[in-house]
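What follows is the residue order along each chain.
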Amino acid sequence: MDDGNKISVVINTYNAAQHLEKVLQAVSCFDEVVVCDMESTDETLDIARQYGCRIVTFPKADHKSAEPARTFAIQSATSKWVLVVDADEIITPELREKLYDIIKTPDCAAGYYIPRQNMFLGRFIRDFHYDYQLRFFIREGTEWPPYVHTFPKVNGPVRKLKAGRKVRMLHLMDETMHQYMEKMNQYTDNEVEKKSKKRYGVCALVWRPCWRFFKSYVLDGSFLMGKRGLIRSMMAAQYQYVLVSKVMEKRFRSEEEQNK
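Residues numbered from 1 in each chain as written. Predicted model: local features only at pLDDT ≥ 70, side-chain atom pairs only at ≥ 80, totals over all residues. Heavy atoms only, no water.

Examining the packing of aromatic side chains
Then, in step 1: Counting across every chain of the model gives nine aromatic pairs.
Then, in step 2: Measuring from centroid to centroid gives 6.5 Å for Tyr 112 and Phe 136, while their planes differ by 40°, and the two rings are tilted. With a gap of 24 residues between them, Tyr 112 in strand β6 (residues 111-117) and Phe 136 in strand β9 (residues 131-138) connect regions that are remote in the sequence. Considered together, Tyr 112 and Phe 136 belong to a single accessibility category, that of buried residues.
Then, in step 3: With a centroid separation of 6.3 Å and an interplanar angle of 65°, the aromatic rings of Tyr 217 and Phe 223 are classed as edge-to-face. (Phe/Tyr/Trp six-rings, centres within 6.5 Å; stacked < 30°, edge-to-face > 60°. Helix = DSSP H or I, 4+ residues; strand = E, 2+ residues; numbered from the N terminus. Buried < 20%, exposed > 50% of the residue type's maximum accessible area, 1.4 Å probe, protein only.)

Quick word on the pairing of strand β1 (residues 7-13)
Then, in step 1: The element β1 is extensively covered by neighbouring structure, given that seven of its seven residues are classed as buried.
Then, in step 2: Because side chains alternate across β1, one face comprises the buried residues Ile 7, Val 9, Ile 11 and Thr 13, and the other comprises Ser 8, Val 10 and Asn 12, equally buried.
Then, in step 3: Bridge count between β1 and strand β4 (residues 81-84): four bridges; the pairing is parallel. Paired with Val 10 across the two strands is Val 84, which belongs to β4.
Then, in step 4: As judged from the six bridges shared by β1 and strand β2 (residues 32-37), these two strands associate in the parallel manner. Across the sheet, Asn 12 pairs through a bridge with Cys 36, a residue of β2.
Then, in step 5: Handedness of the β-α-β unit built from β1, helix α1 (residues 17-26) and β2 comes out right-handed. (Pairing = 2+ DSSP bridges. Right-handed = clockwise from strand over helix to strand, strands pointing away.)

Observations concerning helix α4 (residues 93-102)
Then, in step 1: Residues of α4 that are buried: Leu 95, Leu 99, Tyr 100 and Ile 102. Seen along its axis, α4 keeps its buried residues to an arc of 160°; they face one direction. Exposed side of α4, more than 90 degrees from the buried face: Pro 93 and Glu 97 are the residues found there.
Then, in step 2: If you follow the buried residues of α4, they end up packed against β1, β4, β5 (89-91), β6, β9 and β11 (169-171). (Arc of directions from axis to C-beta. Contact = heavy atoms within 4.5 Å.)

Observations concerning the pattern of salt bridges
Then, in step 1: According to the stated counting rule, one finds 14 salt bridges in the structure shown.
Then, in step 2: The salt bridge involving Arg 135 is made with Glu 89; its shortest N-O contact spans 2.7 Å. With Arg 135 in strand β9 and Glu 89 in strand β5, this residue pair connects regions lying 46 residues apart in the sequence. There is no split in this pair, since Arg 135 and Glu 89 are both buried.
Then, in step 3: The salt bridge involving Asp 131 is made with Arg 116; its shortest N-O contact spans 2.5 Å. Residue Asp 131 is found in strand β9, and its partner Arg 116 is found in strand β6; the two are separated by 15 residues along the sequence.
Then, in step 4: On the basis of relative accessibility, which here comes to 21%, the residue Asp 131 falls in the partly exposed class.
Then, in step 5: Look at Arg 116 and you get buried, because its relative accessible area is 9%. (Salt bridge = Lys/Arg side-chain N within 4 Å of Asp/Glu carboxyl O.)

Side note on the pairing of β6
Then, in step 1: With six of seven residues buried, β6 is to be regarded as a mostly interior element.
Then, in step 2: Pairing of β6 with β9 involves six bridges; the strand directions are antiparallel. Each residue of the ladder has a partner; that of Pro 115, found in β9, is Tyr 132.
Then, in step 3: Strand direction decides the pairing type here: β6 and strand β10 (residues 158-160), joined by three bridges, are parallel. The partner of Gly 111 across the bridge, within β10, is Val 158.

What follows is the structure, encoded as structure tokens:
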């Protein structure tokens, strides 16, 4: 296999021991596995060494998410192609085979959105609903913005990978409602900086949560999940309400400071 047909897997970690062994088992057949660790204090690095990963370190500092370390991790890889995998995501053998087939084609894109199947309250969400993530791309020229819920900037055209039978990532994260609420607070805090220039008003407080509920419950088919689906959609709406409120709060406080 020539260098143009090699794939490096990049995994950002911080105290990620819970699922890491399963994750590394699933990517063991790729050409390289790079673990970019943010100074973990649990068994994360021991597990990574056990599986022969190449380990690089990004200072934890006061970072609340992996995004500030993404570009550093990507550029630490040595292969032309990079697959970014979180420490709670499983790459199926079918997806691995598909990715190697893609990069052998002369007209392949520079990046691909990969279908991801998530869990919620103990069950995988139905097969027809996928959360597409831009995780596979040519390393050179790719940069990742340092904010949560962002996609990398790829140097070239990107396409969506069609979800075939078992061609997907499996997201093992199954948070309790308490954990979900804590992460909602953490993520919305991080997103405030990214959206601080938005002039949200009353319409945004109403429209954004309502639209997100409709998208989740109706368009994405959460209504087929029964009570779980209703809870999931309500939480998606609440996320938007909290985010818009925090952006408005920051503007209110800034205006008060200027008026003093």
